[in-house]
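# Descriptive structure summary
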Amino acid sequence: GCSSTGGKRAEDRAKRLAANGSAVNTPHWTFAMVTHSGAGDTFWDIVQSGAKQAAAKDNIKFVYSNSDQADQQAQLVQAAIDSHVDGLIVTLAKPDAMKDVVGRAEKAGIPVITINSGSEQSKSFGALAHIGQDETVAGKAVGDELTRRGRKHALCVLHEQGNVGHEQRCAGAKSAFSGRMDDLYVNGTNMPDVQSALEAKLQADPSIDAVVTLGAPFAATAAKAKQQAGSHAEIDTFDLNAQVAASLKDGTIGFAVDQQPYLQGYEAVDLLWLYRYNGDMLGGGQPVLTGPQIVTKDDAAALLSYTQRGTR
Amino acid sequence: MTALTADVEPTAAQSLARRLLRRPELGAVAGAAAVFVFFSVVADPFLRAASLGTVLYASSTIGIMAVPVALLMIGGEFDLSAGVMVTSSALVSSMFSYQMTANTWVGVGVSLLVTLALGAFNGILLVRTKLPSFIITLGTFLMLSGLNLGLTKLISGTVSTKHIGDMQGFPTCRDLFASHWTIGSVDLQVTILWWLGLVVVATWVLLRTRAGNWIFAAGGNPEAARAVGVPVARTKVGLYTAVAFCAWISGQHLLFSFDVVQSGEGVGNEFLYIIAAVIGGCLMTGGYGSAVGSAVGAFIFGVTSKGIVYAQWNPDWFTFFLGAMLLLATLLNTFVRRRAEAGR
Amino acid sequence: MTALTADVEPTAAQSLARRLLRRPELGAVAGAAAVFVFFSVVADPFLRAASLGTVLYASSTIGIMAVPVALLMIGGEFDLSAGVMVTSSALVSSMFSYQMTANTWVGVGVSLLVTLALGAFNGILLVRTKLPSFIITLGTFLMLSGLNLGLTKLISGTVSTKHIGDMQGFPTCRDLFASHWTIGSVDLQVTILWWLGLVVVATWVLLRTRAGNWIFAAGGNPEAARAVGVPVARTKVGLYTAVAFCAWISGQHLLFSFDVVQSGEGVGNEFLYIIAAVIGGCLMTGGYGSAVGSAVGAFIFGVTSKGIVYAQWNPDWFTFFLGAMLLLATLLNTFVRRRAEAGR
Amino acid sequence: MTAQDQNTPEEPQGPLVALSGVSKAYGNVLALRDVSLDVHAGEVTCVLGDNGAGKSTLIKIIAGVHPHDSGTYTVAGTPVRHASPREALDHGIATVHQDLAVVPLMPVWRNFFLGSEPVKGRGPLRRLDVATMRATTRTALLRFGIDLRDVDQPIGTLSGGERQCVAIARAVHFGAQVLVLDEPTAALGVRQSGMVLRYVAAARDAGLGVVLITHNPHHAYLVGDRFVLLKRGAMAGSHLKKDITLDALTRQMSGGSELDELTHELSRTPAATGPVAATDPETTA
Amino acid sequence: MTAQDQNTPEEPQGPLVALSGVSKAYGNVLALRDVSLDVHAGEVTCVLGDNGAGKSTLIKIIAGVHPHDSGTYTVAGTPVRHASPREALDHGIATVHQDLAVVPLMPVWRNFFLGSEPVKGRGPLRRLDVATMRATTRTALLRFGIDLRDVDQPIGTLSGGERQCVAIARAVHFGAQVLVLDEPTAALGVRQSGMVLRYVAAARDAGLGVVLITHNPHHAYLVGDRFVLLKRGAMAGSHLKKDITLDALTRQMSGGSELDELTHELSRTPAATGPVAATDPETTA
Ligand SMILES: Nc1ncnc2c1ncn2[C@@H]1O[C@H](COP(=O)(O)OP(=O)(O)OP(=O)(O)O)[C@@H](O)[C@H]1O
Ligand SMILES: Nc1ncnc2c1ncn2[C@@H]1O[C@H](COP(=O)(O)OP(=O)(O)OP(=O)(O)O)[C@@H](O)[C@H]1O
Ligand SMILES: [Mg+2]
Ligand SMILES: [Mg+2]
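As the structure is a computational prediction, the values presented were derived from the model and not from experiment.

Rules and cut-offs
Residues numbered from 1 in each chain as written. Chains lettered and ligands numbered in written order. Predicted model: local features only at pLDDT ≥ 70, side-chain atom pairs only at ≥ 80, totals over all residues. Heavy atoms only, no water. Helix = DSSP H or I, 4+ residues; strand = E, 2+ residues; numbered from the N terminus. Rg over C-alpha atoms; globule rule 2.2 N^0.38 Å. Contact = heavy atoms within 4.5 Å. Areas by Shrake-Rupley, 256 points an atom, 1.4 Å probe, with all protein chains shown as cover. Near = heavy atom within 4 Å. Polar contact = N/O pair within 3.5 Å; in protein donor to acceptor, adjacent residues only side chain to side chain. Nonpolar A, V, L, I, M, F, W, Y, C, P; charged D, E, K, R; others polar. Buried < 20%, exposed > 50% of the residue type's maximum accessible area, 1.4 Å probe, protein only. Pairing = 2+ DSSP bridges. Patch = residues over 30% accessible without salt bridge, like charges linked within 9 Å, V, L, I, M, F, W, Y side chains within 5 Å. Salt bridge = Lys/Arg side-chain N within 4 Å of Asp/Glu carboxyl O. Phe/Tyr/Trp six-rings, centres within 6.5 Å; stacked < 30°, edge-to-face > 60°. Lys NZ or Arg CZ within 6 Å of the ring centre and 35° of its normal.

It is worth spelling out the overall build of chain A at this point. On a plain count of helices and strands, chain A comes out with 12 helices and 11 strands. Over its C-alpha atoms chain A spans a radius of gyration of 20 Å, differing by no more than 12% from the 20 Å that the globule rule assigns to 312 residues. Its C-alpha atoms give chain A principal-axis dimensions of about 60 × 50 × 30 Å. Nonlocal contacts in chain A, meaning residues at least 24 apart in sequence, comprise 71% of its contacts between residues at least 6 apart. Summed over its atoms, the accessible surface of chain A is roughly 11200 Å², and 49% of this surface lies on carbon and sulfur atoms.

Taken together, 20 residues lie around ligand 1, and Ser159 and Gly161 of chain D together with Lys55, Ser56 and Thr57 of chain E are the ones closest in. Residues lining ligand 1 come from chains B, D and E. Gly52 of chain E is positioned such that a nitrogen or oxygen atom in its backbone is 2.8 Å from an oxygen atom of ligand 1. In the environment of ligand 1, an oxygen atom lies 3.2 Å from a nitrogen or oxygen atom belonging to the backbone of Ala53 of chain E. Here ligand 1 loses 89% of its free accessible area of 640 Å² to cover by the protein chains. Secondary structure elements with two or more residues in the shell around ligand 1: helix H6 (160–174) of chain D together with helix H2 (55–63) of chain E. Of the residues in the shell around ligand 1, the class split is 5 nonpolar, 11 polar and 4 charged.

Residue and element names in this part refer to chain D. The element strand E11 (residues 226–231) is largely enclosed, with a buried count of 5 among its 6 residues. Of the strand pairs in this sheet, strand E3 (residues 44–49) and E11 are connected by 5 bridges, and their pairing is parallel. Bridging from a neighbouring strand, Gly49 pairs with Leu230 of E11. Sheet topology places E11 next to strand E12 (residues 234–240); 6 bridges connect them, and they run antiparallel. Following the sheet pairing, Leu229 is matched in E12 by Gly237. In textbook terms, the turn of a hairpin is the stretch between consecutive antiparallel strands, and for E11 and E12 this stretch comprises 2 residues, one of which, Arg232, has a positive phi near 45°.

A few words now on helix H9 (residues 210–220) of chain C. Taken across its 11 residues, H9 of chain C has 8 buried, putting it largely inside the fold. Gly212, Asn213, Trp214, Ile215, Phe216, Ala217, Ala218 and Gly219 of chain C are the residues of H9 of chain C that are buried. Buried residues in H9 of chain C make contact with helix H3 (49–74), helix H8 (190–208), helix H10 (222–227) and helix H11 (232–258) of chain C together with helix H4 (108–113) of chain E.

Moving on: the pairing of strand E3 (residues 87–91) of chain A. All names here are of chain A. Most of E3 is tucked away: 5 of the 5 residues are buried. Burial along E3 is two-sided: the face carrying Gly87, Ile89 and Thr91 and the face carrying Leu88 and Val90 are both buried. As judged from the 4 bridges shared by strand E1 (residues 29–35) and E3, these two strands associate in the parallel manner. Looking at the pairing, Met33 lines up with Ile89 of E3. Across 4 bridges, E3 lies against strand E4 (residues 112–115) in parallel orientation. When the sheet's bridge partners are listed, Leu88 is paired in E4 with Val112.

Once that is clear, we can look at the site of ligand 2. For ligand 2, the set of nearby residues contains 20 residues, the closest of which are Lys55, Ser56 and Thr57 of chain D together with Ser159 and Gly161 of chain E. The environment of ligand 2 is shared, with nearby residues belonging to chains C, D and E. At 2.5 Å from an oxygen atom of ligand 2 is found a side-chain nitrogen or oxygen belonging to Thr57 of chain D. Protein chains shield 89% of the accessible area of ligand 2, which is 640 Å² for the free molecule. Those elements giving two or more residues to the shell around ligand 2 turn out to be helix H2 (55–63) of chain D together with helix H6 (160–174) of chain E. When the residues that make up the shell around ligand 2 are grouped by side-chain class, the tally is 5 nonpolar, 11 polar and 4 charged.

Bringing a nonpolar patch on the surface into the picture now. On the surface, Val37, Phe38, Val41 and Val42 of chain B cluster together into a nonpolar patch covering about 340 Å² of accessible area. Mapped onto the elements, Val37 of chain B comes out in helix H2 (residues 26–42).

The full count for this structure, using the stated rule, is 38 aromatic pairs over all chains. Their ring planes at 35° and their centres at 5.6 Å tell us that Phe245 of chain B and Trp248 of chain B sit as a pair that is tilted. Taken together, the residues Phe245 of chain B and Trp248 of chain B, both in helix H11 (residues 232–258) and 3 residues apart, mark about one turn of the helix. Overall, the relative accessible area of 9% leaves Trp248 of chain B in the buried class. For the ring pair Phe177 of chain C and Trp194 of chain C, a centre distance of 5.8 Å and an interplane angle of 5° mean the geometry is stacked. With a gap of 17 residues between them, Phe177 of chain C in helix H7 (residues 170–178) and Trp194 of chain C in helix H8 connect regions that are remote in the sequence. Look at Phe177 of chain C and you get buried, because its relative accessible area is 1%. Of the residues examined, Trp194 of chain C reaches a relative accessible area of 22% and is grouped as partly exposed. In this structure, Lys241 of chain D packs its charged tip against the face of Tyr221 of chain D, placed 4.9 Å from the ring centre.

Set out below in structure tokens:
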């Protein structure tokens, strides 16, 4: 039985666009990106697709690796150095753990660009530039927006216990928010558990009028839980994906905070290429910020197509 | 010899009581009751009707998988790939429907076949190589989680599947796997029915069929079982297939309740299933346990993990409380069971 | 009866060869060699001297814990709390030094005491309650990870500890736990020395002391061991304390090499240790295995996980490759061992 | 017995089970070398030998637990090579192993019927016939003088002898064409031993072929028709009952002169006691 | 023996181990009820009884595996209640259990010395005296006629009887003041049984107290000085050797009339064979 609605065919029909190809004749350099992401995270998926896009354009071999454990991430950077890559892109979510190894890259003559987190340490560690925005800053933007919307009691949903980035997002939001904000830990790899934990929390405390999820996939689940629990809280989220864009459009989600992960990946690779090719560098020693950008119903329509192709 | 103390046949009531006392799940029931009462006291919202629905839902999503995992454990084996297999099943279903633009029922069917094949693969690898199941299923766990991510990105271009909520067949699939209905003020999910159904079937199989006898024997003393002609290898493959079948149910629930599936999900859940089975009285070494016990174990886990939320304890300490409650429940469980054994 | 085929005493060389063939780690060595050769061929950077340092370092961080975990497994028990205990140990050390503004050596000492107490707690709870170690250490695993987060947030205000790099004693502590030195172009971490030292000590204990005999017996047949007067309970508590001791070493390495410790880390590592021990030939059911095997297992894991990175394979498939390589290595391992057993 | 006396020498139908020139090695331990043995319907073949002589190994080959390395193994004339006990069972060979093939945590009645559970009902309602299973177990054990009030207790809680009785009662109950018993009477008391021998005799009379391993030459001589002696893995002799006396058998089993020496020594040590000298033959039983 | 003949009736030094009125229940299974037993230095106390009579349970109480529920248990006059086998060992009570207390995956020599490993060297260099351990194991087993080329093989690969021999050799080797043997000869061949009885006699002559459980009245009568009969958990009799004959003992063990019936039946079934009638007493052995 074929479906006459939706599906792959619809998608194919929709995108009969674009072909691409590399436009430069620089050598086939290898750039490595090592992040603190867990496996299969949407945010980092978009970072990667930005980086790959730039790599294709710049005739770069792009290799990616990640580990959410500080010592493992450091080892992965070391492995990249051992492989004599031509450029290195790292995140500094756990800066102290990375200090040594970034120094070693420097010593080995490998240019380093830091992305996402670590704007304060980037320069002192010897990186050429920092592209991205601190989680704390993004958190503050959420706190401000919640205050602006007149929320009194918000819930910050952490889907990975002990994740530094998550803690920073919640802490940032808490510091800027004028109301009360609670934390809730859920098991991010178990969607039904996320839903039932949220239901339980909303049932336990009906005064909650805003739920902030830290990753786009959890926003939809929060919306379900809210409905089940009969709560009237507004659902807001960090990051974007197609579902969030659609939910923004139909009003299920109040707002999302975007820090343009695509840009972080794309710009990092492109900058490294520019540096090798032309000695260029952006930012003049200051971090290049990619966000935060508050996205609401008004922007949703435009974003929908971008999120569907995985670039926002 | 055994009849020294009472040479008269016990009355029916006495013997029922004695039989109940000997059931492996007795201790777990005591543990569940204790945890339930505890949270009823410390958490006000816990006793509301609506909360019951939430707790039961949380228990059922673990319980559906805990049933076959308990059977497998009785049969003497583990399955570390059970958690990600749920996700694999959901991914296959979703991606097949989407990529082929097929009715979602087709995807559901294909997913069933693929998932059963995965389970059989685990089982066959186990009996062929004679490696410990921990190693085999750890290998398939890693491989499956790699496949989940790799294939999803290859096919969908992102780490999650595409929207299939607008496709034909979705509403009926959802009815089967992810509907819910309201009784009074309690909102009950269909997974609870699946769960209870599985417990009943598994109990029947364990206690009243040849296969059940073979499962106990395969776990209790595989050499002895083989020597009297029990097809131990076939039994174990069958158990892995049963795990796969339930993974398929859970996977379809995941898909049709959330529409989009994240490829990284499911990791770590295999331990929740094992925890539920062990709390419910299954022996890690095989040969002893029950399906009802696994259900009680899942319920203890559901009550505890949600009870802590209802009680609004400091969330930083969540896992601390969880660990402490589990330990206490299991201790009580064992204490009651030993008492019962000594006293019968 | 056994001397039917050859009534003459074997020569020394023959008997050495036979003894080598019978070692539990033989198969693992074959697996390690295969994996090593494989990655030398497919990954150019793998054979560079610098890479060797990285691979050895990665192996050593797992290997240090795999040694006591292997001993524990030979003794018939698990420790699921081993991963987070490493983090706990580091956190205690760091927070004590910082909060008391004490010399870091004081923190290191306090951490040793606390960690040993945690290990002893595991062991005593195990032998007192007679619950399966899976349940006990799962409980302490959850409790410890809650404590790690809860206490760190309570004391430091964030999820990571404060900077202690500028405190007295730090440089000498770093020398002991986290220094590295360069031989030629290979950068070797001090953890490699710790690892080798632990393997040697553990092998000595296992094969040449009474305690070693007791460990094998406690895992192989605790009833029999108890009946001949082996202090099984004491042996098990000792094993858990040994795990704690190595967790302390690993924890101090973590602290003094990164200066700051994240409270959420370590979760999941316990399985890496168990994997290393099992690949190295330890039986999950206890009574069989070796410390050298665990080291080879850790090495296989280190080579595989870093080899995949050096080979620059698609990272989405990382875990797939990891799982496949582990399965293959273990299969080869078992194949070789069975061959050796049949042929001796 | 009278019936066999006639056909034993000629073997008109040929043996049910025949091993010839069978060898088996565990690694480089040669546990069996060139052993031959026939089992005929309505006859008891006894296998005798010292500890470690290879008796259990022989049984395991017949039962399909291990395949043999060389030689031939025929069942009713057809060469076989059993890959699993199931195959041997399908050929009608039921075995009671020395290391007690029971599942300790399972109730007695489930153990009794393990692998051959009776079912009733049909389709999805096909289920174990629990009432029959319990009742049969109870009565089968009662016949051995074991009165279990509670056939639901885990078999692991029975005494060593009781466990052995369950295993034997099971094999007898399902006894197909060939019944193989590895030292069935070793752990048994006087009453139970007698019971087992009675079963063996009954099975033989019912036309089954029986292989009986025992250390007790009296037991062996009482019910056996053929005697195969193993020594350090090799055949040390094969006799029909009519060709050998109990005394000769006892002597052969324990290695002739070695035995004498021992009997001598043992009877010397507790010097003054009367009965020892009088019961010399039993000393070695 | 001559020495005992004098002091058995008076017991000047009192028993090494004495149980009086001991009971033990597993759940609601009363395995032992009101059993008394004395073990004297230089004497062998035999415990006899049917399967499930409670013999192993009695042994387990003496060995400290289970504590007794009621009654008194004294060692050299002091009441004790052993919480673990270690305590019993420390009181000089060494036991060989029926369910073979060996660790299957451990080499033979490690099993032999398990729990009593000899060490050499001092301080951190204190280590097992491996050479001695191997050599001792080898010779101790050789004495049982078991010639293991390779004491390094896992004990699980030995035959049932060989394993039993290791356990016995071990207990004898470390035999403290009281040696407790639970059906040691059950799985043994003629030669090995003789060997064990010789050890028992030697131990007795060396002044140890021995508790011997066996189903073989001949074995019991050969070395025993006192006989305790158990029946369904209770004492059915306690005799000194001088008060009972082998025949009476055999008869008591198997429950008198029941035995007669059985002997009758068994000898009837294989009707025409001569030797059966001739060996009637052995039928029950
Ligand atoms: N752990 C236990 N739990 C319950 N019942 C038990 C347990 N151990 C033994 N029994 C019961 O106690 C009784 C006595 O057992 P015991 O092992 O002492 O007999 P035994 O005289 O040694 O018999 P055998 O000669 O067959 O070895 C038996 O009926 C047995 O079923
Ligand atoms: N799995 C095995 N691996 C290695 N050697 C083995 C194995 N099984 C048995 N053997 C050896 O083979 C020989 C014969 O063993 P088997 O069990 O057949 O003897 P048995 O005649 O049954 O002795 P018993 O009367 O003591 O039971 C013994 O020397 C034993 O050590
Ligand atoms: Mg045998
Ligand atoms: Mg007994």
